[in-house]
Amino acid sequence: MTGALRILLVEDNPDDAELLLRAFREAGRDAAWTRVETEEDYVAALAAGPDIVVSDYSLPSFSGPRAVELLRARSRDLPFILVTGTIGEEKAAQIMRMGANDYLLKDRLARLPGAVEKAVAEARERAASRTARYEMQAGLRRAQAMARLAHIITTADGAFETWSETLPELIGLGAAEVPRTTRAWLELVHPDDQALFRAKAIEAAQTLRRTELEYRLRRGATLIHVRQAMEPLALEEDARGPLRWFNTLQDVSDQVRAQERIRRLNRVHAVLSGINSAIVRIRDRQELFQEACRVAVDAGRFVMAWIGVVDREAGLVDPVATAGDVRDFFERAPMAILENKPGGHGLVGRAVRTKSAVVANDVQNDPQRPMRKELGERGIHSLALLPLVVNDEAVGVLALYAADLGFFDEQEMRLLGELAGDISFALDHLEKARQLDYISYYDTLTELPNRTLFHERLKLQLEDAGRESQRVALQILDIERFKTINDTLGRQAGDALLAAIAKRMAQVAHRASWLARIGADHFAIVTPGVKTEQEVARHTERRSTETFAAPFTIAGTELHISVRIGTALFPDDGADSDTLLRNAEAAVKKAKTSGERHLFYTQEMSARIADKLALENQLRRALERDEFVLHYQPKVELEGRRIVGLEALIRWQSPELGLVPPIRFIPLLEETGLILDVGSWALKRAALDHRGWLQAGIKPPKIAVNVSAIQLRQRDFVRVVQESIAGSAGIDLEITESLIMEDIQASIEKLAAVRDLGIGVAIDDFGTGYSSLAYLARLPVETLKIDRSFIKTMDKDPTTMTLVQTIIQLARSLRLKVVAEGVETEDQANILRLLRCDQMQGYLFSKPLPGAELVDLLKRS
C-alpha cells in the first residue's frame with residue numbers, strides 16, 4: 001500500500017488519540033490524521049474523502065454507532081474500524097451488523113496498523129471488483145447486441161423450407177451440410193437437451209403460440225448455447241395447425257459464459273464476505289476453521305472444503321475441519337509434505353513446499369492425476385489448494401473443490417488468494433492473543449493456572465457447587481525449606497523442583513480435582529463433590545505419600561521434600577471464594593506454626609478427623625487380625641416360644657477398646673468401603689458356625705445375615721454371596737426395605753438369583769421404605785420384619801397399632817411370614833400374638849449372645 005493513509009479519527013480524548021498515533025509510528029507506518037469530536041465536523045470531514053474512519057464507541061455528543069450510520073448512508077465501501085474499551089460481545093456484534101468492518105480493544109492497539117491497512121485494501125479490492133463486474137456486464141450487453149442471428153422457416157411436418165444466409169456460419173457447417181428437417185436438426189442438439197427441445201416443440205404445436213427455449217448445440221468439436229424462438233406464421237383455412245413456423249436462432253454463448261463467470265465471482269465473494277465476518281467475531285482457531293469450511297460449502301456451493309494444519313514432526317498435513325461430501329476422502333488422499341515420503345508428490349505437499357496455490361481445473365484430464373476416481377465419484381471437476389502462510393511459513397492448507405470445469409480462473413484465484421491471506425492473518429492474531437492469554441492466566445514454569453485464573457475458576461466452581469448443594473475442598477500446600485533450596489542450589493534448581501512437584505501432583509490428583517500455583521512456593525488444590533471430612537483427609541494422606549515419599553533429583557542432588565497443608569471446606573468454612581481462600585491460608589499458616597502436617601480450618605474439625613482416621617486404621621487392622629466376632633439373637637414363635645431362627649450381628653472385640661458397639665464402627669465401615677470385606681467375612685463366619693454346630697450334633701435353625709447397601713449395589717453381589725457361604729444350606733439374608741427400593745428392578749434380579757441358590761430373603765425394617773405394593777408382590781422374599789420403632793409405641797398409640805395390624809394382614813395376603821423386632825415386654829408379645837404375628841425377636845426372650853452361650857441356649861430349648 002503506497003502513500004500516506006488519510007485517516008479520519010472520531011475521538012474526544014487527546015491522550016487516547018496520541019496512543020493511536022503512537023501505534024502507527026512504532027509500526028513504521030505513515031498516516032495523515034484528521035481528528036473530529038462532533039457530528040457536524042464528522043460529516044464535513046467525510047466530504048474530504050478519507051481512506052478510512054477510526055472511531056471511539058462513546059463521545060459526549062456523538063457515538064460510534066451514529067458514525068457508522070452516517071458513513072453507510074454516504075458510502076458502501078469506505079471502511080470503518082471501532083477502537084474502544086470493553087463494550088461486550090452483544091454491542092460489538094450490533095455495530096458489525098450496522099456496517100463496521102472491524103473492532104479493536106484499546107489494550108490491543110499493536111494490531112491497529114495492520115487492521116487499518118487490511119480494511120483499506122479490502123475496500124479498494126471491492127471497488128475494483130465492482131468496476132470489473134460493471135465492465136463485464138457492459139461487455140455482456142455488447143455481446144448480446146452483436147450476437148449472431150439466423151432464421152429458419154419450417155413447414156408443419158418439420159421440413160426446412162428456407163433459412164437465412166447466417167445459419168451455416170452459426171452452426172459451423174457448410175451450406176450443403178445444413179440439416180433439412182427438424183429430426184436431422186435434433187441430432188445436433190446436445191443429448192442432455194434433446195428432451196427439452198422435443199417438449200418445447202410439442203408445446204408450440206399444441207398452443208400455437210410463440211415458444212422460446214435455450215439449449216446447447218454441437219458446433220464442430222465445441223458446444224454453443226442457442227436461444228430459439230418458434231413462432232407460427234399462418235393458419236391454413238380449416239386446418240388445425242399452422243402452415244409454417246418462423247424460427248429465430250441466436251448464439252448466446254458469450255452471454256451464458258459471462259453470466260456463469262459472474263455467478264462464480266459472486267460465489268467467491270460470498271465466501272470471502274462470510275469468512276471475513278467469521279474472522280471478526282470468532283476467537284477460537286478450530287471454530288474459525290470449521291466456520292470457514294461451512295461458508296465455502298453453503299455460500300460458495302463448493303462440493304467439498306477442508307482445512308488442514310501442517311504437522312512438521314510427522315511430515316503431514318492433518319485435516320482438522322471439513323464440510324461437504326468428504327466421506328472417506330482422507331483415507332486415500334496423499335497428505336505428506338516431504339517429497340521423499342509416500343504421497344509427498346501430491347498436490348497438498350506441493351502447496352506447502354512452494355507456499356503458493358496449486359490448481360487443477362480439469363481433474364479428470366489433468367496430468368498431475370489428483371485422485372481422479374475419488375473426485376469423479378463426488379462430481380468434482382476443479383480444485384484449488386491454498387497455503388496458509390504465517391511468518392513466511394506454510395502452517396496449513398485451505399482446500400476447495402468445485403463441480404464446474406475451469407472454475408478457478410485468474411480473477412477467482414486473486415480473490416481466493418486474498419481469502420487465504422485473511423485466514424493467515426487471523427491465525428497469526430489468534431496465536432499471539434493465545435500467548436498473551438496464556439501468560440496472563442497460566443504459570444509458565446509449571447503450566448498450571450496462576451493466581452488470577454485460580455480466583456476466576458474457584459468463583460465459578462463455588463457458584464456451581466452452591467446450585468447443586470455440593471461441598472468443595474480447597475487446600476493450600478506450602479513447600480517446606482523452599483527458600484533454603486533456592487539459596488543453596490540456585491534459582492534454576494528451585495524452578496526445576498517446582499516443575500517436578502507440579503508434574504507429580506498432577507499425576508496423582510483426584511480425577512475431579514484441579515491444581516494451581518498461587519505463590520512462589522504455594523500450590524492450591526480444589527476438589528469438588530466431596531462428601532465428608534474423612535474422605536478429604538484420606539485423599540490428602542494418599543496424595544501426599546504418592547507425591548512426596550520418593551525424593552526429587554534436582555541438579556544431581558536428591559531432595560526429600562515435605563509440605564504443610566491447610567484445608568477449608570465450602571460452604572462450611574466460607575460461602576465465597578475470597579473467604580474460603582483466606583481460611584485455607586489461615587489453616588496452612590497454623591499447620592506451619594504448630595508443626596502439623598495437615599490441618600482443617602477449625603481445630604475441632606481437625607481433631608475429629610484425626611480420631612476418625614485413627615479409628616479407620618484400627619478397623620483395617622481388626623480385619624487383618626480377625627478381631628470381629630458374631631453374636632446371635634434368636635427369633636422365636638409367638639405361640640410356643642420355640643426358637644425358629646437366628647440373626648447374626650457383628651461385634652468388634654478390640655484389644656484396646658474392648659467390645660465396641662456396632663453403632664460406632666458400622667457407619668465408618670460403609671463410608672470407607674471396608675463393609676465389603678467385613679460383610680463377606682460375616683457370611684463366611686455364619687456359614688462356618690452353622691456347619692460346625694451341625695457337626696457337633698446340634699440342630700441350629702437358619703442364620704440370617706444382614707446385607708449393607710454397598711454390598712447389594714455391587715455387580716458381583718450374587719457371586720460373592722455364593723462363594724462366601726460355600727454351599728451351606730443354613731444361611732438367609734436380611735435386607736432393609738429402603739435399600740431394596742433404591743433400584744427395585746436390579747434388586748429383584750439379584751434377589752431372584754440368590755433365591756435360586758436356596759437362600760431365603762427377609763425385608764428388614766419394613767414400614768420405613770415406602771414400598772410400592774406392585775413391586776412388593778414381585779419381590780422374591782419370604783419374610784417381613786416390622787421395624788422396632790412401631791413395636792415400641794404400638795401399645796400406647798392407636799395409629800401405630802393400626803399400622804402394625806395392616807402390615808401383618810398385608811404379609812399374610814402375600815403368604816409371607818412376619819417377624820416383629822425389638823419386643824421387650826409381655827404386653828407387646830400378647831398384642832402381636834392376638835394380631836396373628838408369626839415370630840418375634842428382642843430382649844424379652846434373649847439378647848444377642850456369643851456363639852458358646854447360644855449353643856447352651858439351643859441345647860436347653
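Criteria and thresholds
Residues numbered from 1 in each chain as written. Predicted model: local features only at pLDDT ≥ 70, side-chain atom pairs only at ≥ 80, totals over all residues. Heavy atoms only, no water. Helix = DSSP H or I, 4+ residues; strand = E, 2+ residues; numbered from the N terminus. Rg over C-alpha atoms; globule rule 2.2 N^0.38 Å. Buried < 20%, exposed > 50% of the residue type's maximum accessible area, 1.4 Å probe, protein only. Contact = heavy atoms within 4.5 Å. Areas by Shrake-Rupley, 256 points an atom, 1.4 Å probe, with all protein chains shown as cover. Lys, Arg positive; Asp, Glu negative; His and termini not counted. Charge placed at Lys NZ, Arg CZ, Asp CG, Glu CD. Pairing = 2+ DSSP bridges. Axes fitted to C-alpha atoms, helices over the stretch in contact; angles between N-to-C directions. Expected span 1.5 Å × (residues − 1). Arc of directions from axis to C-beta. Polar contact = N/O pair within 3.5 Å; in protein donor to acceptor, adjacent residues only side chain to side chain. Salt bridge = Lys/Arg side-chain N within 4 Å of Asp/Glu carboxyl O. Parallel < 35°, antiparallel > 145°, perpendicular 65-115°, else oblique. Left-handed = near helix turned anticlockwise from the far one by under 90°. 1 Å grid on protein atoms, 1.4 Å probe; cavity = no way out; pocket = protein on both sides within 12 Å on 5 of 7 lines; lining within 4 Å. Points joined across faces, edges and corners; volume = space filled by probe spheres on them. Nonpolar A, V, L, I, M, F, W, Y, C, P; charged D, E, K, R; others polar.

S.K.: Pulling in residues and values, what's your account of the overall build of the protein?
M.R.: From N to C terminus, the protein includes 30 helices and 34 strands. Taking 2.2 N^0.38 as the reference for a compact globule, 861 residues should give roughly 29 Å; the C-alpha atoms of the protein span a radius of gyration of 44 Å, well beyond that estimate. Projecting the C-alpha coordinates of the protein onto the three principal axes gives extents of approximately 135 × 90 × 65 Å. The buried share of the protein, taken over its 861 residues, is 48%. In the protein, the proportion of contacts linking residues at least 24 apart, taken out of those at least 6 apart, comes to 62%. For the protein, the exposed surface amounts to about 42,600 Å²; the carbon and sulfur share of it is 49%. Positive and negative side-chain charges of the protein, numbering 113 and 125 respectively, have mean locations separated by a distance of 2 Å.

S.K.: How would you summarise the sheet that holds strand β23 (residues 563–570) if you had to cite specific residues and measurements?
M.R.: Judged by pairing direction, the sheet is mixed, and its five strands sit side by side in the order β19-β20-β18-β23-β24 without closing on themselves. The strands lining the two open edges of the sheet, one partner per strand, are β19 (514–519) and β24 (598–600). Strand-to-strand twist across the sheet, computed as the mean angle between neighbouring axes with direction ignored, equals 25°. Note: strand β18 (residues 471–479) against β23, eight bridges, orientation antiparallel.

S.K.: Tell me about helix α28 (residues 798–813), and name the residues and values.
M.R.: Because an α-helix packs 3.6 residues into every turn, residues spaced three or four apart end up facing the same way. Look at α28: 23 Å from first C-alpha to last across 16 residues, which is about the 22 Å you get at 1.5 Å a residue. When α28 is considered as a whole, its buried residues turn out to be T800, V804, I807, I808 and A811. Looking down the long axis of α28, one finds its buried residues gathered within 95° of arc, a one-sided arrangement. Residues P798, T799 and S813 are exposed on α28 and point more than 90 degrees away from its buried face. Its buried side turned inward, α28 meets β30 (761–766), β31 (783–786), α27 (788–793), β32 (817–821) and α29 (826–834). One side-chain oxygen of the residue at the start of α28 lies 3.1 Å from the amide nitrogen of T799, identifying that residue as D797. Two residues or fewer past α28, R815 is found with a positive phi of approximately 60°.

S.K.: Hey, could you go over the pattern of salt bridges for me, with residue numbers and the actual values?
M.R.: Throughout the structure, instances matching the rule amount to 45 salt bridges. Beyond isolated ion pairs, a larger network of salt bridges with shared partners links K635, E647, E734, K785 and E821.

S.K.: Help me get a handle on helix α21 (residues 675–695), residues and values and all.
M.R.: With 21 residues, α21 extends 30 Å between its outermost C-alpha atoms, agreeing within 8% with the 30 Å of an ideal straight helix rising 1.5 Å per residue. Every buried residue belonging to α21 is among I675, V678, G679, S680, W681, A682, L683, A686, A687, D689, H690 and W693, and all of these are buried. G697 sits one or two residues past α21 and shows a positive phi near 90°.

S.K.: Tell me what's going on with unusual backbone geometry, and back it up with residues and numbers.
M.R.: Note the cis peptide between F570 and P571, where omega equals 5°. Looking at the secondary structure, you find P571 in the loop between β23 and α18 (577–594). Backbone geometry places R327, a non-glycine residue, at a positive phi of 50°. Position of R327 relative to the elements: it lies in the loop between β14 (316–324) and α11 (347–354). Phi at D626 takes a positive value of approximately 60°, unusual for a residue other than glycine. With respect to the secondary-structure elements, D626 resides in the loop between α19 (603–624) and β25 (628–637). Overall, the relative accessible area of 52% leaves D626 in the exposed class.

S.K.: I'd like a rundown of the side chain of S513, residues and numbers included.
M.R.: Relative to the assigned elements, S513 resides in the loop between α16 (491–508) and β19. Among the polar contacts listed, one links the side chain of S513 to the side chain of T527, at a separation of 2.7 Å.

S.K.: Go over the packing of α16 against helix α17 (residues 533–548) with me, naming the residues and quoting the values.
M.R.: Across the interface, α16 lies against α17 with an axial gap of 9 Å and an inter-helix angle of 135°. Compared by their axis directions, α16 and α17 come out oblique. In terms of crossing hand, the pair formed by α16 and α17 is right-handed. On the side of α16, the interface is formed by I501, R504, M505 and V508, while α17 contributes R542, R543, E546, T547 and F548.

S.K.: I'd like a rundown of the pairing of β25, residues and numbers included.
M.R.: Of all ten residues in β25, eight are buried; the element is thus mostly enclosed. Relative to strand β26 (residues 643–654), β25 is paired through nine bridges, and the arrangement is antiparallel. The partner of V636 across the bridge, within β26, is I643. Between β25 and β26, which pair antiparallel and follow one another directly, the connecting turn spans five residues, one of which, R641, has a positive phi of 60°. By the bridge criterion, two bridges tie β25 to strand β34 (residues 849–850) in an arrangement that is antiparallel. Opposite H631, over in β34, you have P850 as the bridge partner. As judged from the two bridges shared by β25 and strand β33 (residues 839–841), these two strands associate in the antiparallel manner. Across the sheet, the residue bridging to E637 is Q839, located in β33.

S.K.: Let's hear about empty space enclosed by the protein: which residues, and what values?
M.R.: Using the criterion set out here, one finds three cavities of 30 Å³ or more in the structure. Within this model, the largest cavity holds a volume of roughly 70 Å³. Among the elements of the structure, α9 (253–281) and α13 (410–441) are those that each provide at least two residues to the lining of the largest cavity. Of the residues contributing to the lining of the largest cavity, the split by class is seven nonpolar, one polar and three charged.

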